[in-house]
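Residues per chain are reported as follows:
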Amino acid sequence: MSIVLPEDPFHRRLHHVAPTGLTAETAQTSGMRRHAAISGETVGSRRLWMGQTHVAPATVSANHHHGESETAIYVVSGTPSFVFLDVEGEEPVEVRVDTRPGDYIFVPPYVPHREENPDPETEAIVVIARSTQEAIVVNLDELSWTGPVLTSQR
């Protein structure tokens, strides 16, 4: 599906995407399910991607990063944790950021991380916005900056 925008920027239409309009046809990482709402494919956006991620109870995602994308995360439900490798000290240290509904997380470009859902019963759901129109996902073996790339999807 290709969206053609009118030449006149003041006479474009707004796009409404209902929950049933989300698509799983986007980059994925094991241990989580991403659903795109706003993207170049769904609404013709040029510089923005937005959607949801679901992490099942007692699940840990694979390590990954989002390339050049800045990523903003809003926790809708559950108590997901976000894990990254802090390399600013003498030795790299794995850091865990525990969240709850209403919290926000910012993931800078290229930062390897993973999502974890420690709750044994409740799915974690977050809303994600990215500064690129599509979901860039680079899956990694480990959290280190030098870890080999397993897959890259755009």
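Thresholds, definitions, all that
Residues numbered from 1 in each chain as written. Predicted model: local features only at pLDDT ≥ 70, side-chain atom pairs only at ≥ 80, totals over all residues. Heavy atoms only, no water. Helix = DSSP H or I, 4+ residues; strand = E, 2+ residues; numbered from the N terminus. Contact = heavy atoms within 4.5 Å. Areas by Shrake-Rupley, 256 points an atom, 1.4 Å probe, with all protein chains shown as cover. Core = buried A, V, L, I, M, F, W, Y, C linked by side-chain atoms within 4.5 Å. Buried < 20%, exposed > 50% of the residue type's maximum accessible area, 1.4 Å probe, protein only. Polar contact = N/O pair within 3.5 Å; in protein donor to acceptor, adjacent residues only side chain to side chain. Patch = residues over 30% accessible without salt bridge, like charges linked within 9 Å, V, L, I, M, F, W, Y side chains within 5 Å. Salt bridge = Lys/Arg side-chain N within 4 Å of Asp/Glu carboxyl O. Pairing = 2+ DSSP bridges. Axes fitted to C-alpha atoms, helices over the stretch in contact; angles between N-to-C directions. pLDDT = per-residue confidence, 0-100.

Peer 1: Where do I start with the overall build of the chain in this structure?
Peer 2: Each helix and strand counted, the chain has 1 helix and 12 strands in total. Ordered by position in the sequence, the α and β elements of the chain form the string β-α-β-β-β-β-β-β-β-β-β-β-β. Restricting to contacts in the chain with at least 6 residues of sequence separation, those with at least 24 account for 68%. For the chain, the accessible surface area stands at approximately 9000 Å², while carbon and sulfur atoms represent 55% of it.

Peer 1: Sorry if this is basic, but what is going on with the nonpolar core here?
Peer 2: The nonpolar side chains of a soluble globular protein tend to be buried, and buried together. Judged by nonpolar contacts, the single largest core of 13 residues is most densely connected at W49, I73, F82, I105, V107, V126 and I128. Residue contacts for I128: discarding those within four places in its chain leaves W49, M50, G51, T53, T71, A72 and I73.

Peer 1: Got a minute to help me understand the environment of S45 in this structure?
Peer 2: Among the secondary structure elements, S45 is positioned in the loop between α1 (40-43) and β2 (49-55). Apart from residues no more than four positions distant in its own chain, S45 is found in contact with I38, S39, G40 and Q133. Here L48 takes part through its backbone oxygen, which lies 2.7 Å from a polar atom of the side chain of S45.

Peer 1: How should a nonpolar patch on the surface be read in this particular structure?
Peer 2: Residues Y74, V76 and Y104 make up a contiguous nonpolar surface patch of about 320 Å² in total accessible area. In this structure, V76 sits in strand β5 (residues 71-77). Residue class for V76 comes out partly exposed when judged on its relative accessible area of 41%.

Peer 1: What's the story with the sheet that holds β5 in this structure? I'm lost.
Peer 2: The strands that make up a sheet pair up through hydrogen bonds in the backbone, lying either parallel or antiparallel. Spatial strand order, β1-β2-β10-β5-β8: 5 strands in an open sheet with antiparallel pairing. Sheet topology places β1 (33-38) and β8 (104-107) at the edges, where each strand pairs with a single neighbour. Along the sheet, successive strands turn relative to each other by an average axial angle of 25°, direction set aside. Bridge analysis of β2 against strand β10 (residues 124-130) gives 7 bridges, and the strand direction is antiparallel. Bridging across to β10, G51 finds its partner in I128.

Peer 1: It is not clear to me how the confidence of the model for the chain should be interpreted in this structure. Could you clarify?
Peer 2: Regions with low pLDDT carry predicted coordinates that are not meant to be interpreted in detail. Across the chain, pLDDT averages 86, with 88% of residues at or above 70. With pLDDT under 50 throughout, residues 147-154 is counted as low confidence; its partners more than four residues away or in other chains account for 24 contacts.

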